[in-house]
Amino acid sequence: MTSISMSAEKEFKVLYEISCAMRTTLELPHILYIILTGVTSHSGLGYNRALLFLFNEQKNRLECRMAIGPKSGEHANKIWEFIDKENQKLEDLIHADKVKEAASESALFHEYKDLVFPLEVPTLLNQAYQRGLPWHLTPEETELFKDDPLLKSFSTYELVIMPLKAQDKVNGLIVADNIYTKKPISQHDIQFFTMLANQAGLAIENARLYEIVVQQSMTDALTGLWNHGYFQKTLLNELPKAKRYETPLTLLFLDIDDFKKFNDTCGHQHGDLILKEIAKILRDSSRAQDCICRYGGEELALILSNTTSEQGFETAERIRKRIDEYGFPSPSGMGALHLTVSIGLATFPQHAEDKDALITHADKAMYEAKKSGKNKTCMP
């Protein structure tokens, strides 16, 4: 058997392993991790570093979603020595339990995770996106782009930018280099990389469609907020994190005062419009990391991670006052309506140490706010 056929056999084996791994999951972070591990591992394509950018259609920009690689030549040697010593194969490296570890501990990802490139701004990465073809930048070409935002951040002397496609539409890009080994990137390397990218683009598209379906199943159709099922799941996941890192977590329950009377007077259709308006106020009054849910009917809930009871009270009061001062549209279209809310809050671990107790305390505090005059915030 010739060395060429031996090489081809090994490459097809690698592609087969990566393809099989991508078919085991529809979780996007795991898919991205499998792809980049295939690009960077010794038992895969063997590049030293790789960044993966996905196209955000809503914001019309490329966003760095994952990065894998050593932070220095010394670090690279230690990793490679460990892999050789432990005889780790590709299937060992792409196991599901490695994904969170890679996201939380990868120094490379923490360095580049905030990189975004709006498509309206001419940059190297945007040119690659528009071209939609593999782009090998030799040391001479890389020097020409040395002032580009990507290369100012991701310093290298030679790289390849590989588009990821689904149905001839680019949905992402991989940037890879050999900064530590200084191994030249050959035309054969790019052909092999292209075969992997063709499978990767389709896997990403399938994972994104799955994400959309999952998100729709967890979203309240009327308000666009998370639904009751997502509330329960999130609280169940966030409380162990709060315990582990010894950080507070505050739960707010919010109920629209006299909403039944309002529905009886103005009609349920207009009541739905009011719920949408209040959902917008909640979004505008909260942090990006806060989880805002429609708990049921006219009752809404907010899960505020890393938030003390004092901070939670300030947030609740800000929301309450904004709703109190807000001019809601009237059914006739003339003038504005005045509505108020009652809010109850409870904080882990100050008021409760488990999910059910936290919900009970926040719910009781909300009903205390209603019983004692409405349009106020209460806590245990």
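Please read all numbers here as calculations on a predicted model, not as lab measurements.

Undergrad: Is there a simple way to think about the sheet that holds strand β2 (residues 61-68) in this case?
TA: By definition, the strands of a sheet pair up through backbone hydrogen bonds, in either a parallel or an antiparallel sense. Here we have 6 strands laid out as an open sheet, ordered β3-β2-β1-β6-β5-β4, and antiparallel in their pairing. Of all the strands in the sheet, just β3 (116-118) and β4 (135-137) have a single pairing partner and so form its edges. Looking at each pair of strands side by side, their axes are set apart by 20 degrees on average, direction ignored. One ladder, built from 3 bridges, connects β4 with strand β5 (residues 159-166); its direction is antiparallel. Looking at the pairing, Leu137 lines up with Leu159 of β5. Helix α10 (residues 187-217) contacts β1 (49-56), β4, β5 and β6 (169-177) of the sheet and is inclined by roughly 40 degrees relative to β5.

Undergrad: Explain the environment of Lys243 to me, please; I cannot follow it from the model alone.
TA: Take Lys243: it is sitting in helix α11 (residues 228-245). Setting aside residues no more than four positions away along its own chain, Lys243 makes contact with Phe348 and Glu353. A polar atom in the side chain of Lys243 sits 3.4 Å from the backbone oxygen of Glu353.

Undergrad: I'm lost on the sheet that holds strand β13 (residues 377-378) in this one. Help?
TA: One open sheet holds the 5 strands; their spatial order is β8-β9-β7-β12-β13, and the pairing between them is mixed. Edge positions in the open sheet fall to β8 (291-296) and β13, since each of these has one partner strand only. Across 2 bridges, the pairing between strand β12 (residues 341-348) and β13 is parallel. Bridge pairing in β13 links Gly344 to Cys378. Lying on the sheet, helix α14 (residues 309-325) is in contact with β7 (249-256), β9 (299-305), β12 and β13; it crosses β12 at an angle near 165 degrees. Contacting β7, β8, β9, β12 and β13, helix α15 (residues 355-371) crosses the sheet at an angle of about 150 degrees to β12.

Undergrad: Looking at this structure, I do not really get the environment of Ala197. What am I missing?
TA: With respect to the helices and strands, the residue Ala197 is situated in helix α10. Relative accessible area serves as the criterion here: at 2%, Ala197 is assigned to the buried category. Sequence separation of Ala197 and Pro163 is 34 residues, and the distance between their C-alpha atoms is 7.1 Å. Apart from residues lying up to four places away in sequence, Ala197 is in contact with Met162, Pro163 and Leu164.

Undergrad: Please clarify how the nonpolar core should be interpreted in this entry.
TA: Taken as a class, soluble globular proteins show a tendency for nonpolar side chains to be buried jointly. Counting 35 residues, the largest nonpolar core has Ile35, Val39, Tyr47, Leu52, Ile174, Phe193 and Ile204 as the members making the most contacts within it. For this core, the elements supplying multiple residues, two or more each, are α1 (3-22), α2 (28-40), β1, β2, β5, β6 and α10. In terms of residue count, α10 provides more of this core than any other element does, 9 residues in total. Counting 26 residues, the second-largest nonpolar core is a separate cluster that includes Phe117, Leu137, Leu150 and Ile161.

Undergrad: I would appreciate a short explanation of the pattern of salt bridges in the present structure.
TA: Oppositely charged side chains are able to pair whenever their charged atoms sit close together. Throughout the structure, instances matching the rule amount to 16 salt bridges. Note that Arg49 and Asp177 form a salt bridge whose closest N and O atoms lie 2.6 Å from each other. In this pair, Arg49 sits in strand β1 while Asp177 sits in strand β6, placing the two residues 128 residues apart along the sequence. Under the relative-accessibility criterion, Arg49 is labelled buried at 6%. A relative accessible area of 0% places Asp177 in the buried class. When salt bridges with common partners are traced through the structure, they connect Asp255, Asp257 and Lys370 into a single cluster.

Undergrad: Whenever I open this one, the packing of α11 against α15 confuses me. Can you help?
TA: When two helices pack together, you describe them by how their axes are tilted relative to each other and by the distance separating the axes. Two elements in contact, α11 and α15, have axes separated by 10 Å at closest approach and are oriented at 120 degrees. When you trace α11 past α15, the crossing you get is right-handed. Contacts from Phe231, Gln232, Leu235, Leu236 and Leu239 in α11 reach Lys355, Leu358 and Ile359 in α15. A breakdown of the residues in the contact of α11 with α15 according to their chemical character gives 6 nonpolar, 1 polar and 1 charged.

About the cut-offs
The residue count restarts for each chain, going from 1 along the sequence in the order it is written. The predicted origin of the model limits local features to residues at a pLDDT of at least 70 and limits the giving and counting of side-chain atom pairs to 80 or more, whereas totals for whole chains, interfaces and linings rest on all residues. To get the side-chain values, take all heavy atoms of the structure and skip hydrogens and water. One bridge is not enough; two strands pair if DSSP finds at least two bridges between them. Secondary structure elements follow DSSP: runs of H or I of four or more residues count as helices, runs of E of two or more count as strands, with numbering from the N terminus. Between the N-to-C directions of two axes lies an angle of 0 to 180 degrees, each axis being a line fitted to C-alpha atoms and, for a helix, fitted only over the stretch in contact. A contact between two residues is defined here by any heavy atoms of the two lying within 4.5 Å. As used in this structure description, the phrase polar contact means that two N or O atoms lie within 3.5 Å; if the pair is within protein, one of them must be able to donate a hydrogen and the other to accept it, and residues adjacent in sequence are counted only when both atoms belong to side chains. Accessibility here uses a 1.4 Å probe with only protein chains present; expressed as a share of the type maximum, an area under 20% marks a residue as buried, one over 50% as exposed, and anything in between as partly exposed. Among buried residues, the Ala, Val, Leu, Ile, Met, Phe, Trp, Tyr and Cys ones that are joined through side-chain atoms within 4.5 Å form a nonpolar core. For this document, the term salt bridge refers to a Lys or Arg side-chain nitrogen within 4 Å of an Asp or Glu carboxyl oxygen. Handedness of each helix crossing follows the sense of rotation of the near helix against the far helix: counterclockwise by less than a right angle gives left-handed, clockwise gives right-handed. Three residue categories are used. Nonpolar comprises Ala, Val, Leu, Ile, Met, Phe, Trp, Tyr, Cys and Pro, charged comprises Asp, Glu, Lys and Arg, and polar comprises the others, including Gly.

None of this, on its own, says anything about what the molecule does.
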